[in-house]
Amino acid sequence: MDNTQHLHTDNFSDSLHISKSVVTTHKGVCASQHKIASQIGADVLSAGGNAVDATVAMSFALGVLEPWMSGIGGGGFMTVKWHNIPAKVVEYGMKSPKKINFADYQPVGEKLSGDLFTWQKLHNLHNETGGGSVAVPGLVAGMELSHRRYGTMPWSELLQPALHIAKRGITLDWYAQLMISGVTAKLNACTNTKAVFLTTDGHPKASTWMASTPVRCLMLCLGDTLQQIAEHGADCFYKGDIATDIVNSVQSHGGYISHGDLQSYQSQIVDALSFAYRNATVYVPPRYAAGTTLKHAFDMLADCDMRGGDTGSNAVTDTAYCAYTEAIYNAYAHRLQYISPCDDSCTTHFSVVDGHGNMVANTQTLLSAFGSGITTDGGFLLNNGLMWFDPIAGRPNSLAEDTMCLANMCPTVIENATGVYALGACGGCKIFPAVLQLGSFIVDFGMDIERAFHTPRINCVGTKDIVIDMALSKHLAQMLSACGYASHYRRKVPYPFDFACPCAVHMGTHQNQGITEISCVWGDAVAET
């Protein structure tokens, strides 16, 4: 008897259902990929801080709690919707050094493993790992700028939770062990990185199967660095001893960042790109991120009948999923041709609303998991942001000196008659497809954020191969096939990430809400008390 028809593509229980409850409050709420970071933000709000105060505290805390995702050695974007004030974007992305030896970036005729980008692999992986991959980090400057413009609580007070966590260490549960074990070879390449995350013989630190006391990764040096930043602000990061540590770490590993690169770095606050989608107004980063790509996709959806003629239904139809596919595919085609085939494989996003109606959507990253793999003597990982650039000259995003990196982050604010929503996601090229669909669920189908986050999504990254949540119908694959797409059904699970991990908060007329990706095992929304 041939039983091959009964074989499954994964080992997960078919009767397993994952769900989360939305957090509802009359006060502020913080939603992030780590519940401790969300609690830190909520505590800031409870202490009288506003949404940006909470954002600063959460940003630094997440760099410790999820060190492979983001941190002070990385950068990002923040969309701010202050009550009754036009939306702004804090740009604190990474930037290439002023002087680069382009001869070091020679292709060897292969694509990057895993096809993270469409360009060719370089000799010695020079733009993937090590000093040659490091761009000038922007997070500390961006957080200080946003705090100076909007914050009310003392800067030093907001960094205390992060530095305390660093000195206590992060718990190595099964999820943390998965993240570390996936890149062990990379972590072994730097002595400082190995000392934090690996055993002396180069294996991932791990708690035993039946351990009652979990193993921790201590980050004492990072705690000391955060203490300096808390006391002296961004100047000590870009001009003081920390700057010297960065320069020495990068250059000793074959990179180019100089004191001049750090001293001249500046984050900026600019007007958000705003555009209409049906009865809503959408606010996104205007440049260096995926805001314009999201607008392109929403513009295409505006001409579609998302309900397939069924005006009485609030269910997302197969017709809508086909429309999402076409919009995402074509928006990515435009991006690849004219902008950049960007990916941010390990990123974190969080959203905040305070009790005064101020909202923040913030996304930050190191780019790849654990960035460049280099940990400075000050205990923090450095990004590998130069991998964002195409090494071949004469293309839309070719490697250049003193140039902002183009990323796929998309912190978004949507405003319509039901309130204001701050949302975004981590997941690289999966980010904007997730934001597009969640936005459409809210605007086109009238969903609240709880229902939107439990509604299945598809993912398209600019190719004709479409990933479909297994909860969706098989008829959808037939419809997509008729349009020339190949469909692959995947189960939404905590690991690996076939879909983006979004977070959102909603400010309604009488209450605020928050929720995180239902399959994200660490993520949670926490309300102000």
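Notes on the structure follow. Note that the structure is a prediction, hence the values are computed from the model and not measured. (Residues numbered from 1 in each chain as written. Predicted model: local features only at pLDDT ≥ 70, side-chain atom pairs only at ≥ 80, totals over all residues. Heavy atoms only, no water.)

**Points about the overall build of the chain**
Of the regular secondary structure elements, the chain holds 16 helices and 21 strands. Computed over its C-alpha atoms, the radius of gyration of the chain comes to 22 Å, within 12% of the 24 Å expected for a compact globule of 529 residues. In terms of overall dimensions, the chain has a C-alpha envelope of 65 × 55 × 55 Å along the principal axes. Going through the 529 residues of the chain one by one, you find that 60% of them count as buried. Partitioning the intrachain contacts of the chain with sequence separation of at least 6 by distance along the chain shows that 71% fall at a separation of at least 24. Carbon and sulfur atoms provide 52% of the accessible area of the chain, an area that totals close to 20,100 Å². Between the mean site of the 33 positive side-chain charges and the mean site of the 45 negative ones, the chain shows a separation of 1 Å. (Helix = DSSP H or I, 4+ residues; strand = E, 2+ residues; numbered from the N terminus. Rg over C-alpha atoms; globule rule 2.2 N^0.38 Å. Buried < 20%, exposed > 50% of the residue type's maximum accessible area, 1.4 Å probe, protein only. Contact = heavy atoms within 4.5 Å. Areas by Shrake-Rupley, 256 points an atom, 1.4 Å probe, with all protein chains shown as cover. Lys, Arg positive; Asp, Glu negative; His and termini not counted. Charge placed at Lys NZ, Arg CZ, Asp CG, Glu CD.)

**Brief notes about the pattern of salt bridges**
Here the structure, examined in full by the defined rule, presents 13 salt bridges. A salt bridge links Lys 95 to Asp 402; the shortest N-O distance between them is 3.2 Å. Highlighted residues: Lys 95 in the loop between strand E4 (88-92) and strand E5 (107-111) and Asp 402 in the loop between strand E13 (359-367) and strand E14 (412-416), separated in sequence by 307 residues. Residue Lys 239 is joined to Asp 235 by a salt bridge in which the shortest nitrogen-to-oxygen separation is 4.0 Å. Overlapping salt bridges bring together Lys 95, Lys 98 and Asp 402 as one network. (Salt bridge = Lys/Arg side-chain N within 4 Å of Asp/Glu carboxyl O.)

**As for the pairing of strand E3 (residues 75-81)**
Most of E3 sits inside the fold, with seven of its seven residues counted as buried. Burial along E3 is two-sided: Gly 75, Phe 77, Thr 79 and Lys 81 and Gly 76, Met 78 and Val 80, pointing in opposite directions, are all buried. Looking at chain direction, E3 and E13 are connected through seven bridges and run antiparallel. Each bridged residue has a counterpart across the sheet, and for Phe 77 the counterpart in E13 is Thr 363. Relative to E4, E3 is paired through five bridges, and the arrangement is antiparallel. Its bridge partner being in E4, Phe 77 is matched across the sheet by Glu 91. What sits between E3 and E4 in their antiparallel hairpin is a turn of six residues, with Asn 84 showing a positive phi close to 60 degrees. (Pairing = 2+ DSSP bridges.)

**Some details on the layout of surface pockets**
The method is simple in principle: a probe with the dimensions of a water molecule rolls over the atoms, and the space it marks as empty is what remains. Estimated volume of the second largest pocket: approximately 380 Å³. Taken together, 15 residues line the second largest pocket, and the ones lying closest to its centre are Leu 16, His 17, Ile 18, Asp 469 and Ala 471. (1 Å grid on protein atoms, 1.4 Å probe; cavity = no way out; pocket = protein on both sides within 12 Å on 5 of 7 lines; lining within 4 Å. Points joined across faces, edges and corners; volume = space filled by probe spheres on them.)

**Things to note about the nonpolar core**
With 84 residues, the main nonpolar core has Phe 60 and Ile 72 as its most contacted residues. For this core, the element with the most residues is helix H2 (residues 51-65), which contributes 11 residues. In terms of nonpolar packing, the next biggest core, distinct from the first, is built from 55 residues, Val 282, Leu 294, Tyr 321 and Val 435 among them. (Core = buried A, V, L, I, M, F, W, Y, C linked by side-chain atoms within 4.5 Å.)

**Regarding the packing of helix H12 (residues 291-301) against helix H14 (residues 431-445)**
Between two packed helices, both the angle of their axes relative to each other and the distance between the axes serve to describe the pair. Between H12 and H14, the shortest axis-to-axis distance is 10 Å and the interhelical angle comes to 40 degrees. The angle between H12 and H14 places the two elements in the oblique class. By crossing handedness, the relation of H12 to H14 is classed as right-handed. Side by side, H12 and H14 meet where Thr 293, Leu 294, Ala 297, Phe 298 and Leu 301 of the first sit next to Phe 432, Val 435, Leu 436, Gly 439 and Ser 440 of the second. Tallied by class, residues from the contact of H12 with H14 come to seven nonpolar, three polar and no charged. (Axes fitted to C-alpha atoms, helices over the stretch in contact; angles between N-to-C directions. Parallel < 35°, antiparallel > 145°, perpendicular 65-115°, else oblique. Left-handed = near helix turned anticlockwise from the far one by under 90°. Nonpolar A, V, L, I, M, F, W, Y, C, P; charged D, E, K, R; others polar.)

**Focus: the packing of aromatic side chains**
The full count for this structure, using the stated rule, is 18 aromatic pairs. Measuring from ring centre to ring centre gives 5.8 Å for Trp 68 and Phe 370, while their planes differ by 50 degrees; the resulting arrangement is tilted. Here Trp 68 is found in the loop between H2 and E3, whereas its partner Phe 370 is found in the loop between E13 and E14, with 302 residues between them in sequence. Here Trp 68 falls in the buried class, since its relative accessible area comes to 0%. Of the residues examined, Phe 370 reaches a relative accessible area of 0% and is grouped as buried. Taking 4.9 Å as the distance between ring centres and 40 degrees as the angle between the ring planes, the aromatic pair formed by Trp 82 and Tyr 150 counts as tilted. Pair noted here: Trp 82 is in the loop between E3 and E4 and Tyr 150 is in helix H3 (residues 139-150), with a separation of 68 residues, a long-range link. Judged by relative accessible area, Trp 82 falls into the buried class, the value being 14%. The exposure class of Tyr 150 is buried, given its relative accessible area of 13%. Stacked on the ring of Tyr 489, the Lys or Arg Lys 474 has its end atom at 4.5 Å from the ring centre. (Phe/Tyr/Trp six-rings, centres within 6.5 Å; stacked < 30°, edge-to-face > 60°. Lys NZ or Arg CZ within 6 Å of the ring centre and 35° of its normal.)

**Quick look at the sheet that holds E14**
Pairing is antiparallel in the open sheet, where seven strands are placed in the order E1-E20-E19-E15-E14-E11-E10. Taken across any chain shown, the strands that pair with only one partner, and hence form the sheet edges, are strand E1 (23-25) and strand E10 (273-277). The average undirected angle you get between the axes of adjacent strands in this sheet is 15 degrees. Where strand E15 (residues 419-426) lies against strand E19 (residues 501-507), seven bridges are found, and the strand directions are antiparallel. Note that in E19 the partner of Cys 426 across the bridge is Cys 501. Together, E10, strand E11 (280-284) and E14 form the strand contacts of H12, whose direction differs from that of E10 by roughly 15 degrees. Helix-sheet contacts for H14 involve E10, E11, E14, E15 and E19, and the interaxial angle to E15 is about 155 degrees.

**As for the side chain of Thr 375**
Relative to the elements of secondary structure, Thr 375 occurs in the loop between E13 and E14. For Thr 375, a relative accessible area of 3% puts it in the buried group. Here Thr 193 takes part through its side chain, which lies 2.7 Å from a polar atom of the side chain of Thr 375. The contact partners of Thr 375, leaving out residues within four places of it in the chain, are Cys 190, Asn 192, Thr 193, Phe 380 and Leu 381. (Polar contact = N/O pair within 3.5 Å; in protein donor to acceptor, adjacent residues only side chain to side chain.)

**Points about the packing of helix H1 (residues 35-46) against H2**
Between H1 and H2, the shortest axis-to-axis distance is 8 Å and the interhelical angle comes to 155 degrees. Accordingly, the angle class assigned to the pair H1 and H2 is roughly antiparallel. Relative to H2, the crossing made by H1 is right-handed. For the pair H1 and H2, contact is made by Ile 36, Ala 37, Ser 38, Ile 40, Gly 41, Val 44 and Leu 45 and by Ala 51, Asp 53, Ala 54, Ala 57, Met 58, Ala 61, Leu 62 and Leu 65, respectively. Partitioned by chemical class, the residues of the contact of H1 with H2 number 12 nonpolar, two polar and one charged.

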